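# Coordinate inspection notes
Chain by chain, the residues run as shown.
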Amino acid sequence: VSSLVNVVPHSFTALPQYADFHTAHRSFPCRSSDIWVASHPKSGTTWTQELVWCLVRGLDHSLSSKPLMNRFPFFEWDSLMTPELVQALESMPDDNVEKPGAQWRILERGDDPRLIKTHLHRELMPRGVRSSKSKIIYVVRDPRDVCVSLFHHTIKFLGYTGDFDHFVDMFLSARYEFGPYWSNVLSFWNKRKSDNILVLKYEDMHADLVGEMVRVAKYLEVPIPENQLPEIVEHLSFRNMKDNPATNNESTMDGLVENTGVKFMRKGIVGDHKNVLSVDQLKRFQVWTQTCLKDSDFPYYRD
Ligand code: A3P
């Protein structure tokens, strides 16, 4: 446990405990053209980022072969926002050249959108996100699958050595970065009608990737790349993204801890928790979900 960084004990709704994080990053200058991909970690963020990239910039292999982290920077709170990252975000995009896919840019706005990833709770995002009306795409995934995925991620990237049952406890009591899960999810879900927020489900992306891509394209007001859809679907397949050094995070994240054999692109399936969670753990998840959603209209993952 001690090897987990930033372990903040907090309960489901306790936003004030985040008070220390309400610092300079909240003044980050936003643009109306910014497009944010937001999520709780391990919910399909990388997949959604690459999808958005393909729709906005076009599937231009000379650009998409750059690491996704550089094309689509990760915006975190101050401790992790280096001056270099702020500068990189302020001067994006770095590929401001005319190219065949240029028509896929958001022409109506007359500028290139910056594409930005975050795991921040909506209320901890820069204030300007709301006033500038930049667009947010929030991706949500079954918390039981998120927990399994995060368990492996935490072993690999944070050196966690405890067992899975203890990890379930930590997940349900939000003793990890960017939790609590439901607080993160509901902060976006509850504002989906009033703010610029499109909610995607990881499971829907599995079931109908083209359908979800069309939803995103309409929301972002970019043309649907009819002719390239099969190529983009192939590009976004798990197998392809796992083999693609620009999206599999291997070169950027390997070496943080000794090699554990766990890959960032691990399984990429729906319902992995059914192979892992015991009856008792499933029950704990169910009680936790029912408690956290008792006043919510959030319809999924309640079983
Ligand atoms: P698993 O660990 O269950 O395999 P994030 O990007 O938010 O960290 O989410 C990572 C999870 O999304 C991992 O889940 C990863 O395998 C999965 N993922 C990434 N790309 C995917 C794709 N193209 N198709 C399906 N799942 C994908």
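Predicted model, so just to flag it, every value in this text is computed and none were measured.

This part is about the side chain of D145. Mapped onto the elements, D145 comes out in helix α6 (residues 143-158). Although D145 is buried, it makes no salt bridge; R141 carries the closest opposite charge, 4.6 Å away. Here the side chain of D145 touches D272 through a polar contact of 3.0 Å, landing on its backbone nitrogen. With sequence-adjacent residues up to four places away left out, D145 is seen in contact with I269, V270, G271, D272 and H273.

In the neighbourhood of the ligand, 19 residues make up the surrounding shell, with T45, T46, S149, K267 and G268 lying closest. Within the backbone of K42, one N or O atom sits 3.1 Å away from an oxygen atom of the ligand. Within the side chain of R266, an N or O atom sits 2.9 Å from an oxygen atom of the ligand. Taking 570 Å² as the accessible area of the ligand by itself, protein coverage stands at 98%. Broken down by secondary-structure element, the contributors of at least two residues to the shell around the ligand are α1 (45-57), α9 (202-207) and α12 (238-243). Top element by residues in the shell around the ligand is α1. It accounts for 3 residues. Of the residues that constitute the shell around the ligand, the class distribution is 7 nonpolar, 8 polar and 4 charged.

When you tally the buried positions in strand β4 (residues 135-140), you get 6 out of 6 residues, the bulk of the element. In β4, alternate side chains face the same way, and those of K135, I137 and V139 on one face and I136, Y138 and V140 on the other are all buried. Pairing between β4 and strand β5 (residues 197-201): 5 bridges, direction parallel. Across the sheet, residue I137 finds its bridge partner in β5, namely L198.

Residues F171, Y181, W182 and F298 are the most contacted members of the largest nonpolar core, which totals 43 residues. Secondary structure elements with two or more residues in this core: β1 (35-39), β4, α6, α7 (164-172), α8 (181-189), β5 and α14 (279-292). When neighbours within four sequence positions are excluded, Y181 is seen to be in contact with H40, V140, R141, D142, P143, V146, F171, Y176, W288 and Y301. The next biggest cluster of nonpolar side chains, apart from the first, holds 34 residues, and it includes V52, W53, L63 and M205.

Before going further, it helps to spend a moment on the packing of aromatic side chains. Taken as a whole, this structure holds 22 aromatic pairs when the rule is applied. On the numbers, 5.0 Å between centres and 75° between planes, the contact of W189 with F298 is edge-to-face. Linking W189 in helix α8 with F298 in the segment after α14, this pair joins segments that are 109 residues apart in sequence. Look at W189 and you get buried, because its relative accessible area is 8%. Relative to Y301, the ring of Y300 has its centre 6.0 Å away and its plane inclined at 55°; by these criteria the two rings are tilted. A residue is classified by how much of its surface remains accessible, and Y301, at 10% relative accessible area, is buried. Every member of this aromatic cluster is reached through a ring pair, and the members are F171, Y176, Y181, W182, W189, F285, W288, F298, Y300 and Y301.

Across the sheet, 5 strands lie side by side as β2-β3-β1-β4-β5; this open sheet has parallel pairing. Lying at the two open borders of the sheet, with one neighbouring strand each, are β2 (74-75) and β5. Two elements, β2 and strand β3 (residues 115-118), share 2 bridges in a ladder whose sense is parallel. Of the residues in β3, the one forming a bridge with F75 is T118. Here helix α10 (residues 209-220) sits on the sheet in contact with β1, β4 and β5, set at roughly 175° to β5.

What counts, and where the lines are drawn
- Counting restarts for each chain: residues are numbered from 1 in the order of the written sequence.
- Per-residue local features of the predicted model are confined to residues with pLDDT of at least 70, and side-chain atom pairs are confined, for both listing and counting, to 80 or more; whole-chain, interface and lining totals are unaffected and use all residues.
- Only hydrogens and water are set aside; all other atoms, that is, all heavy atoms of the structure, feed into the side-chain values.
- Secondary structure elements are defined from DSSP: runs of H or I of at least 4 residues count as helices, runs of E of at least 2 residues count as strands, and each element is numbered from the N terminus.
- For each residue, the accessible area found with a 1.4 Å probe, counting protein chains only, is set against the maximum for its type, and the residue is called buried under 20%, exposed over 50%, and partly exposed in between.
- By the counting rule applied here, Lys and Arg register as positive and Asp and Glu as negative, while His and the ends of each chain are not counted.
- By definition, a salt bridge exists where a carboxyl oxygen of Asp or Glu is found within 4 Å of a side-chain nitrogen of Lys or Arg.
- Identification of polar contacts relies on pairs of N or O atoms within 3.5 Å, with a donor-acceptor requirement for protein atoms, meaning one able to donate a hydrogen and the other able to accept it, and with residues adjacent in sequence counted only if both atoms are side-chain atoms.
- Should any heavy atoms of two residues lie within 4.5 Å, those residues are considered in contact.
- Proximity is defined per residue: any heavy atom of the residue falling within 4 Å of a molecule or strand makes that residue near it.
- Here the Shrake-Rupley method, with its probe set to 1.4 Å, supplies the accessible areas, and only the displayed protein chains count as covering residues.
- Side-chain classes follow a simple rule in which Ala, Val, Leu, Ile, Met, Phe, Trp, Tyr, Cys and Pro form the nonpolar group, Asp, Glu, Lys and Arg form the charged group, and the remainder, Gly included, forms the polar group.
- For two strands to pair, DSSP has to find at least two bridges joining them.
- We call a set of buried Ala, Val, Leu, Ile, Met, Phe, Trp, Tyr and Cys residues a nonpolar core when their side-chain atoms join them within 4.5 Å.
- Only Phe, Tyr and Trp rings take part, Trp by its six-membered ring, and two of them pair if their centres are within 6.5 Å. Stacked means planes under 30 degrees apart, edge-to-face means over 60, and tilted covers everything else.
- Here an axis means a line fitted to C-alpha atoms, over the contact stretch when the element is a helix, while the angle between two N-to-C directions is reported on a 0 to 180 degree scale.

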